[in-house]
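# Summary of the model geometry
Residues per chain, in single letters:
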Amino acid sequence: MNGPLIVQSDKTLLLEVDHPSADECRRAIAPFAELERAPEHIHTYRVTPLGLWNARAAGHDAEQVVDALVKYSRYPVPHALLIDVAETMARYGRLRLVKHPTHGLVLETSDRPVLHEVLRSKKVHPLVGARLDEDTVVVHPSERGQIKQVLLKLGWPAEDLAGYVDGEAHPIELREDGWALRPYQQQAVQGFWHGGSGVVVLPCGAGKTLVGAGAMAEAKATTLILVTNTVSARQWKHELVRRTSLTEDEIGEYSGTRKEIRPVTIATYQVLTTKRKGVYPHLELFDSRDWGLIVYDEVHLLPAPVFKFTADLQARRRLGLTATLVREDGRESDVFSLIGPKRFDAPWKEIEAQGYIAPADCVEVRVNLTDSERLAYATAEADEKYRYCATTATKRHVIEALVARHKGQQTLVIGQYIDQLDELGEHLDAPVIKGETTNAQREKLFDAFRAGEISVLVVSKVANFSIDLPEATVAIQVSGTFGSRQEEAQRLGRVLRPKADGHKAHFYSVVARDTIDQDFAAHRQRFLAEQGYAYRIADADDILTGDEV
Amino acid sequence: MTTERNREVRVASGVEGTGAGSGPRTLAEDLRARGDDAVAALLLARPDLVNPVPGDLTQLATRAGTRASVVRALEHLDRFALQTVEALAVAPDPCPYDTLCALLTGDEGSQEIAAALPAAVATLRTNALVWGGDDRLRLVRTARDLLAPSPAAPSPTGLGPTVAEAAAGMSPGRLQQIVADAGLPATHDPVSAVAALTALFSDRQRLAALLAEAPEGARAVLDKLMWGPPYGEVALAAEPVRAATAETPVQWLLARGVLLPAGPHTVLLPRETALRLRGGRAHRSPEPLPPEVPPHARYDAQVVDGTAAGEAFTAVRTVEELVKGWDTGGPLVLRAGGMSVRDLKRTAAALDTTEELAAFWLETAYAAGLVASDGEVDEAYAPTPGYDEWLRLPTEDRWARLAAAWLAATRAPGLVGSRDAKGRTLAALGPDLDRSLAPGVRRRVLELLAGAPDGASARPEDLLARLRWERPLRGGAALDELRARLVQWTVQEAELLGVTGRGALSGHGRELLTDPDAAAARLAPLLPEPLDHVLLQADLTAVAPGPLRTALAETLGVLADVESKGGATVYRFTPESVRRALDAGRTAAELHGFLAAHSRTPVPQPLSYLIDDVARRHGRLRVGAASAYVRCDDDAVLSEILADRRAAGLGLRRLAPTVLAAQSEPVTLLERLRTMGFAPAAESAEGDVLITRADARRTPPRAAPVPVPDGPPRPDQTLLAAAVKAIRAGDRAATAPRKPAAQPAPHGSALPRTTSAETLATVQAAVLTGEPLWIGYVNADGAASQRVIEPVKVEGGFVTAYDHTTDEVRTYALHRITGVCELTEDVR
């Protein structure tokens, strides 16, 4: 009775990481529990119905779950919780989606009352066709995703045994010359491939693109890759050409400027969700080829229309890639039901410990507003308050001091408000990249930054995602999209690429003291703090006087 | 027959002797012949008989024969004893033991039943439902009336009236026809005709021979009626049918008397025939042995105790948290009593649990006397002083208090949220939650679990089957349903309270049945040892990997918000929580020290920074209370006042050069300043500060609610002994041979005077015999009168009787009857 695990009444599991059998325990609970927080000493996992059903889908049964809980728990596990686990897991698989030799896709059950119950639901009704017999009902093939989603919400998740289409075959090989997939990338690819579809969660800079490439090499079929923006699309292309047997000609870009459809096509979310006269003209891209694999980059940003369309693609393999499954809109469960369960994740700190991402030093710098600024802040309109305190002039001195402190190191200054960025660019004598900067100009500036010709770059939120700035060592965040946790994670990701000389990355958040800027910062930092990236808090005065912080 | 009946309850007026027969002739006599222990056993089995203590054995026997008491006694019988009573009710009276045994075992016989029967009969004797020797077993008349078949309610055995009873209304001619058609020789009168038919139907071979000739379909009709109800509906049942003219199978049976008419459209299968057809068995499935409660799952005793202890600990903590939340005022009491649904929801949210569970914890706290209504004008719930006492106890004792209160409570928390018969929602802590069945069911379920092997759990269905056997309720489906739910709830609640672990009774749960203190002692070593440290993390959380020492938990509870509970507690530090700690009088340095002392890990920088940052701003604004102030533009004057010794009692303090704050009322202040020679002017009262007191709210002393059982409590040994002694003494006095009192001349003399016991006994006897009585009666206005009545029914302190004097049926209050006297033959 001295295990590493403590089972809480709210179904969270606390794992003491320094315990000798912590690793063993983590492996035992990972199949069914979601890692929620991973700070230094005690990691928090959560047991959810979704997690339990995913475990069932992956072939674990209730007994294993109960055994794992009982075996590693420090205190006796409440009986009610064990019963609840068993009952929840028993709900999975009562309904099955299978291919019927003559009727196509059908929903069948081994528990008649359950089928009866779900068929009575108004939401299920439009998705099903004729009832073949007491235990079987026809499902419209196009509603495969929809019905899975609805059944999940009704608490009777269906086991999808209808399989996948292979799609149009296309040879793709990884070209591992002088490099190889890292062990965790390998695990992620395998986890995904054996599960069929699903989401891989890896920290920024941990090489998610390679996981995608690995999955493509497994599928050896035509692939549709959905990314957030054009820059990111180019990067994918670049990386694929470098790392796989694919050639430039085999990879198409489907974006606002180019509309190529090739065996491997990279499309942006933006172009897919462009609406003209009430329809999404580009959604037909999904049907334009017999895709064997669909990769969703930054799946936490997947826009709602794509969600809806994804529901219709249940017969194709789907891979979601993301750094955080935190969605500010709370639609995590849609990701799970439509793209698939989480197939792999690893605590950031663990990958850092393996040396694949750079260790980072996160510092929150608190700036004291001047008396006149405080008065102005107090009288500002509620909807202007954040903008005011996030862009105060006092911050500028601190930012200048920080840039000066890291002189010679590649530094990114990231912010939300264009006025502030322009002003900063002027004072720091650094180029500014914002929404209106052309793609060509952006690429040019990024190249210059990569080459070390420019050492300071001021960027707006356009640089939040998927741009590869390998040698950025210092990031200074001056303002953000209110309290967005995933933005914070993405921004930190900018500096986590391993450094050639192996030194530490620095991430600064400049925050106005005693304002809502500080509250938002606290909210934004929570995700990273829970990933073990604890912020230190420093006073602006110490920075200005050049003290060690 | 009348004299037979009469004996059972006949007043022991000294005229009874031992008689010719060897056995007792009345129940009273039977009781008299039993030892003190047997009488004590009766009183123990039927505690309602002790309240009030009966005057003598005759009175005891009389009271044991009342309907209400007999019904109660029947309700407490197990299924086999009840089946035995039911069999006796359809058996001849008196009934030899062998006949009874045959009725239960049937023609085939059954070792099991034969073995179980003596115990059942003994139980019935103990309960004074059956008396007499084995050769003449007598069922108490009331019980027989309750259980014997009548057209309104067929016997529970499904047997109908006897041939004699069914043929009572038939014409002698018709009877002779039936006798002839049944192939019997003609008899000379109806009585012998009935006897002949009875003999025919009771004889297995002759009945079989008769039925062998029956046309097709007759057997099906009999099969349908065989196990009851014995009545069937047919057209023209009362029409006299002859064998020669019988067309349908029913007519064939009617002609031969196998079926007898019971009404114009009803036929019945007489008891003898049905019994023969059943193979002599009164019950289709006699259940001599209680159903087993098989172990459902078995766990290591250590696992069970550990799990239960964990739950017990959680239970205590939950109740504490619940009641603590009401420290500064609990929810309001609804006008109809209880807590509103909204408050229940709020409580559930505060406890982070469901409403059902919240209701359970509330009721448990209430049952243990920890919360109660404060009885103020705006009635609200609040912790009782008993709660403070409870808090001071060690955890195991606190648990024992809760568990013992739960075990004995008649309130059923599971009912909260359901609707009563009038459609009103039953509120938590509200009225109408008492179910007298509850404590019995709870205790019995735990006892059954205690009887199972160590570490074995049982399924609620099996437990319920056993309870159903042990006490077949006569209250109908609703009551049975309630019991089924109570069993379910008991199993769940026992788990929640940590009485059971994984469904099996824990060691301390076992002790709880006999001695809560021993249970506490047994639980103590199993409870987790309180810790003196926490783990601090940079995401501003602290994890206490187990229960904390009370002092530590209290301080941490102020300094941080609880985020997750269970085996461990997760705390989160926020600016608000840190401010709360500073408000409570801690300084930043103290907090740093506290964290450093209790953390196993270095204090993370963001946490120290947070404390300093909040402390930096804390207290920059100051708020205080003053009763009055003194304002003056000339600060020299104020200095003068401050320096003046006469101003010492005013509680003056300088807030600013030109302002003094005072702790005395403006009037006092004004007067004092005037006596000091100043000429102050009063200012309007604005800025006066109200002082609020934040005392913890408590009710006046409140006792825990008393359980409401459905009968008088079981008498304890002392009371029992005293009662038996008293009854014996009374009995000796009553039965001592004495000279017959001078018979009062019935008419024209003074009112008869009898004691109330005698009155009751005589009236009850008269009900049975149907004899008229002469009574003295005082009406509501106090006017005395004499009447001649024929009592029909005695119930609830009233006699319903036909009044010869006024020629009507009316009721008389027993306590107003001043005396009774049987009428002599010549007067009738």
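The structure reproduced in this document is the subject of the present report. (Residues numbered from 1 in each chain as written. Chains lettered and ligands numbered in written order. Predicted model: local features only at pLDDT ≥ 70, side-chain atom pairs only at ≥ 80, totals over all residues. Heavy atoms only, no water.)

### Considering the packing of helix H17 (residues 301-324) of chain B against helix H18 (residues 341-351) of chain B
All names here are of chain B. H18 packs onto H17 with a crossing angle of 125 degrees between their chain directions and a minimal axis gap of 10 Å. Taken as axis vectors, H17 and H18 run oblique relative to one another. Remark: the crossing between H17 and H18 carries right-handed chirality. In this structure, H17 contributes Thr318, Glu321 and Leu322 to the contact, and H18 contributes Thr347, Ala350 and Leu351. Tallied by class, the residues present in the contact of H17 with H18 amount to three nonpolar, two polar and one charged. (Axes fitted to C-alpha atoms, helices over the stretch in contact; angles between N-to-C directions. Helix = DSSP H or I, 4+ residues; strand = E, 2+ residues; numbered from the N terminus. Parallel < 35°, antiparallel > 145°, perpendicular 65-115°, else oblique. Left-handed = near helix turned anticlockwise from the far one by under 90°. Contact = heavy atoms within 4.5 Å. Nonpolar A, V, L, I, M, F, W, Y, C, P; charged D, E, K, R; others polar.)

### Notes on the interface of chain B and chain A
In this complex, chain B contributes 37 residues to the contact, which on the side of chain A involves 34 residues. Summed over both sides, the interface between chain B and chain A buries roughly 2600 Å², with carbon and sulfur atoms accounting for 52% of that surface. The tally of links between chain B and chain A comes to seven salt bridges. A salt bridge links Arg37 of chain A to Glu563 of chain B; the shortest N-O distance between them is 3.4 Å. Our enumeration of links across chain B and chain A arrives at 18 residue pairs in polar contact (both at pLDDT 80 or more). Those elements that provide at least two residues to the side of chain B that touches chain A are H17, strand S12 (535-537), strand S13 (541-544), strand S14 (561-564), strand S15 (569-572) and helix H30 (605-617) of chain B. When residues of the side of chain B that touches chain A are assigned to their parent elements, the largest contribution, six residues, is made by H30 of chain B. (Buried area = accessible area lost by both parts, 1.4 Å probe. Salt bridge = Lys/Arg side-chain N within 4 Å of Asp/Glu carboxyl O. Polar contact = N/O pair within 3.5 Å; in protein donor to acceptor, adjacent residues only side chain to side chain.)

### Notes on the sheet that holds strand S8 (residues 136-139) of chain A
All names here are of chain A. Pairing within the open sheet is mixed, and its five strands lie in the order S7-S8-S6-S5-S9. Of all the strands in the sheet, just strand S7 (128-133) and strand S9 (158-160) have a single pairing partner and so form its edges. Between one strand axis and the next, the sheet turns through 30 degrees on average, direction left out of account. Where strand S5 (residues 95-100) meets S9, three bridges bridge the pair, whose relative direction is parallel. Looking across to S9, one finds that Leu95 is bridged to Ala158. Sitting on the sheet, helix H5 (residues 112-119) is in contact with S5, strand S6 (104-109), S7 and S8, with an inclination near 155 degrees to S7. (Pairing = 2+ DSSP bridges.)

### Considerations on the packing of aromatic side chains
Here the structure, examined in full by the defined rule, presents eight aromatic pairs over all chains. Centre to centre, the rings of Tyr386 of chain A and Phe520 of chain A are 5.1 Å apart; their planes meet at 85 degrees, and the pair counts as edge-to-face. With Tyr386 of chain A in helix H16 (residues 385-390) and Phe520 of chain A in helix H21 (residues 516-530), the pair connects residues that are 134 residues apart, well separated along the chain. By relative accessible area, which is 25% here, Phe520 of chain A ends up partly exposed. Put simply, the rings of Tyr386, Tyr417 and Phe520 of chain A pair up and form one aromatic cluster. Cation over ring: Arg91 of chain A sits above Trp156 of chain A, and NZ or CZ is 3.8 Å from the ring centre. Positioned above the aromatic ring of Trp390 of chain B, the side-chain terminus of Arg398 of chain B is 5.3 Å from the ring centre. (Phe/Tyr/Trp six-rings, centres within 6.5 Å; stacked < 30°, edge-to-face > 60°. Buried < 20%, exposed > 50% of the residue type's maximum accessible area, 1.4 Å probe, protein only. Lys NZ or Arg CZ within 6 Å of the ring centre and 35° of its normal.)

### Concerning helix H11 (residues 172-181) of chain B
In an α-helix, one full turn covers 3.6 residues, which means residues spaced three or four apart are oriented alike. Residues and elements named next belong to chain B. Looking at H11, one finds that the buried residues are Arg174, Leu175, Ile178, Val179 and Asp181. Take H11 and look down its axis: the buried residues cluster within an arc of 165 degrees, on one side only. If you follow the buried residues of H11, they end up packed against helix H12 (190-202), helix H15 (249-255) and strand S4 (260-263). Of the residues one or two after H11, Gly183 is the one with positive phi, at around 85 degrees. (Arc of directions from axis to C-beta.)

### Details of the pairing of S7 of chain A
All names here are of chain A. The pairing of S7 with S8 spans three bridges and is antiparallel. Residue pairing in the sheet places Val128 in a bridge with Val139 of S8. Two successive antiparallel strands, S7 and S8, enclose a turn made up of two residues.

### Description of the nonpolar core
By size, the foremost hydrophobic cluster in this structure holds 92 residues, and its most contacted members are Leu43, Leu60, Leu100, Leu197 and Leu259 of chain B. Leaving out residues up to four positions away in the same chain, Leu100 of chain B has contacts with Thr84, Ala87, Leu88, Cys95, Leu117, Val121 and Leu137 of chain B. (Core = buried A, V, L, I, M, F, W, Y, C linked by side-chain atoms within 4.5 Å.)

### Concerning the environment of Val85 of chain B
Residues and elements named next belong to chain B. With respect to the element layout, Val85 can be found in helix H6 (residues 79-89). With 35 residues separating them in the primary sequence, Val85 and Ala120 have C-alpha atoms 9.1 Å apart. If near-sequence neighbours (up to four positions away) are discounted, Val85 is found in contact with Leu74, Leu77, Leu124, Leu139 and Leu147.

### Notes on the pattern of salt bridges
Counting across every chain of the model gives 73 salt bridges over all chains. Taking the shortest distance from any N to any O, the salt bridge between Arg112 of chain A and Glu134 of chain A comes out at 3.8 Å. With Arg112 of chain A in helix H5 and Glu134 of chain A in the loop between S7 and S8, this residue pair connects regions lying 22 residues apart in the sequence. Since its relative accessible area comes to 47%, Glu134 of chain A is described here as partly exposed. Taking the shortest distance from any N to any O, the salt bridge between Glu287 of chain B and Arg79 of chain B comes out at 3.4 Å. Highlighted residues: Glu287 of chain B in the loop between helix H16 (271-277) and strand S6 (297-298) and Arg79 of chain B in helix H6, separated in sequence by 208 residues. You can call Glu287 of chain B partly exposed: its relative accessible area is 27%.

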